[in-house]
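# Observations on chain architecture
Single-letter residue listing:
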Amino acid sequence: MNIKAYAKINLTLDILGLRDDGFHELGSVTAPISLYDSVSVEKSDTNVFKCDLPELRGDDNFCVRARDAFFARTGITQPVTIKLQKHIPYPAGLGGGSADAAAVLNGLNSLFGEPLSADELYETGAQVGSDVPMCMLGKCALCQGRGEKLTVLSGMPKLYITVAIGEGRLPTAKVFKEYDASGARPTGFTDGFIKAVEAGDEKAMLASMGNGFTDICARLCPETKEMRAKLRSCGAKAAVLSGSGPAVYGVFENEQAAMDAAREMRQKGFFAVNCETM
Ligand code: C5P
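Quick caveat: nothing in here was measured; it's all calculated off a predicted structure. (Residues numbered from 1 in each chain as written. Predicted model: local features only at pLDDT ≥ 70, side-chain atom pairs only at ≥ 80, totals over all residues. Heavy atoms only, no water.)

## Quick word on the site of the ligand
As a matter of local geometry, the ligand sits amid Gly22, Phe23, His24, Leu26, Gly129, Ser130, Arg146, Thr172, Ala173 and Phe176. His24 places a polar side-chain atom, nitrogen or oxygen, 2.6 Å from an oxygen atom of the ligand. Between Arg146 and the ligand, the recorded distance is 2.9 Å, taken from a backbone N or O atom to a nitrogen atom. When the free accessible area of the ligand is taken as 450 Å², the share hidden by the protein chains comes to 75%. The site holding the ligand turns out to be the largest pocket. Here the shell around the ligand gets three residues from one element, more than from any other, and that element is helix H5 (residues 172–182). Tallied by class, residues from the shell around the ligand come to four nonpolar, five polar and one charged. Mapping the shell around the ligand onto the domain boundaries places at least three of its residues in each of domain 1 (2–152) and domain 2 (160–276). (Near = heavy atom within 4 Å. Polar contact = N/O pair within 3.5 Å; in protein donor to acceptor, adjacent residues only side chain to side chain. Areas by Shrake-Rupley, 256 points an atom, 1.4 Å probe, with all protein chains shown as cover. 1 Å grid on protein atoms, 1.4 Å probe; cavity = no way out; pocket = protein on both sides within 12 Å on 5 of 7 lines; lining within 4 Å. Sits in = over half its atoms within 2 Å of the grid points. Helix = DSSP H or I, 4+ residues; strand = E, 2+ residues; numbered from the N terminus. Nonpolar A, V, L, I, M, F, W, Y, C, P; charged D, E, K, R; others polar. Domains from an automatic or database assignment.)

## Side note on the packing of aromatic side chains
Summed over all chains, the structure comprises five aromatic pairs. Their ring planes at 70 degrees and their centres at 5.6 Å tell us that Tyr6 and Tyr36 sit as a pair that is edge-to-face. Linking Tyr6 in strand S1 (residues 2–18) with Tyr36 in strand S2 (residues 24–43), this pair joins segments that are 30 residues apart in sequence. Aromatic ring contacts, followed pair by pair, group Phe70, Phe71 and Phe112 into a single cluster. (Phe/Tyr/Trp six-rings, centres within 6.5 Å; stacked < 30°, edge-to-face > 60°.)

## Points about the packing of helix H1 (residues 62–74) against helix H3 (residues 118–128)
Interhelical geometry of H1 versus H3 gives an angle of 135 degrees and a closest axis separation of 9 Å. Viewed along their axes, H1 and H3 adopt a mutual orientation that is oblique. Handedness of the H1/H3 crossing: right-handed. Contacts between H1 and H3 involve Phe62, Arg65, Ala66, Ala69, Phe70 and Arg73 from the first element and Glu120, Glu123, Thr124, Gln127 and Val128 from the second. (Axes fitted to C-alpha atoms, helices over the stretch in contact; angles between N-to-C directions. Parallel < 35°, antiparallel > 145°, perpendicular 65-115°, else oblique. Left-handed = near helix turned anticlockwise from the far one by under 90°. Contact = heavy atoms within 4.5 Å.)

## Side note on unusual backbone geometry
In this structure, Pro91 follows Tyr90 across a cis peptide bond, with omega equal to -25 degrees. Counting through the fold element by element, Pro91 comes out in the loop between strand S4 (80–85) and helix H2 (96–111). Residue Pro246 is reached from Gly245 by a cis peptide bond, and omega for that bond is 0 degrees. Summarising the element assignment, Pro246 is placed in the loop between strand S9 (238–241) and strand S10 (248–252).

## Describing the pattern of salt bridges
Within the structure shown, the criterion is met by 11 salt bridges. Between Lys86 and Asp37 there is a salt bridge, and its shortest N-O distance comes to 2.6 Å. Residue Lys86 is found in the loop between S4 and H2, and its partner Asp37 is found in strand S2; the two are separated by 49 residues along the sequence. A single burial state applies to Lys86 and to Asp37, both of which are buried. Close ionic contact of Arg263 with Asp260 constitutes a salt bridge, the shortest N to O distance being 2.9 Å. Of this pair, Arg263 and Asp260 both sit in helix H10 (residues 255–267), separated by three residues, roughly a single helical turn. (Salt bridge = Lys/Arg side-chain N within 4 Å of Asp/Glu carboxyl O. Buried < 20%, exposed > 50% of the residue type's maximum accessible area, 1.4 Å probe, protein only.)

And the structure:
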């Protein structure tokens, strides 16, 4: 069984405070995008995990963690072979690992005749990572709590985007830690964004997009600021950091404009692809 594991972008991200469990309370609107890793799951004689990138073949891979969480929850012992082909940059703030885990959980649940209900599957996903339930949902959503409390957001227009990333990479935990140490105050992008979507006001929606990690990521990885400026000079109506970075994206008028911007960003030496929200 072949599954597409779609990346996500954060249209807004507010870090609202540090919780007793060490995680942060978040308010974020996320959307899946048409950039994906390819995952396959099949029954086999022994448990096997294969990945085209050698550095991702370890037992700490999200695919393996998702498989083990599924087996623990269901009691299933039939071994499986999981194959992963990476296309989503990592760690980038694009939810690549979480998307892979979501694909494995959805895939295994189908392969074994749906032993878990949708709620049980989300709970199992949340044990693997905060963003896994959102990736399993596969729709634009308001994400609260650790990121695992989801409310589907309807009325979102399709956005034509170009995702860009340079040489730098930022592990999520490090960005949260540096953010705390910086003493930054919580941002409030999400409420305004949702109101704008509900009112069907695209201009206000674009104006209210933003990410509370923007300043700390610009300090840790200055090219994030440079890439956002370059996307704007390519005609982006908004240029925003995704998740804990360092991937950024620009929102463009149409597919052609996004494609042209991706080409220009690649000419400037960045990894860039045009895609769309789903
Ligand atoms: O949940 P996940 O394993 O993806 O999170 C990775 C790291 O990001 C956590 O170990 C934690 O340091 C940080 N994190 C956080 N608050 C969240 C989500 C993630 O502090 N809501």
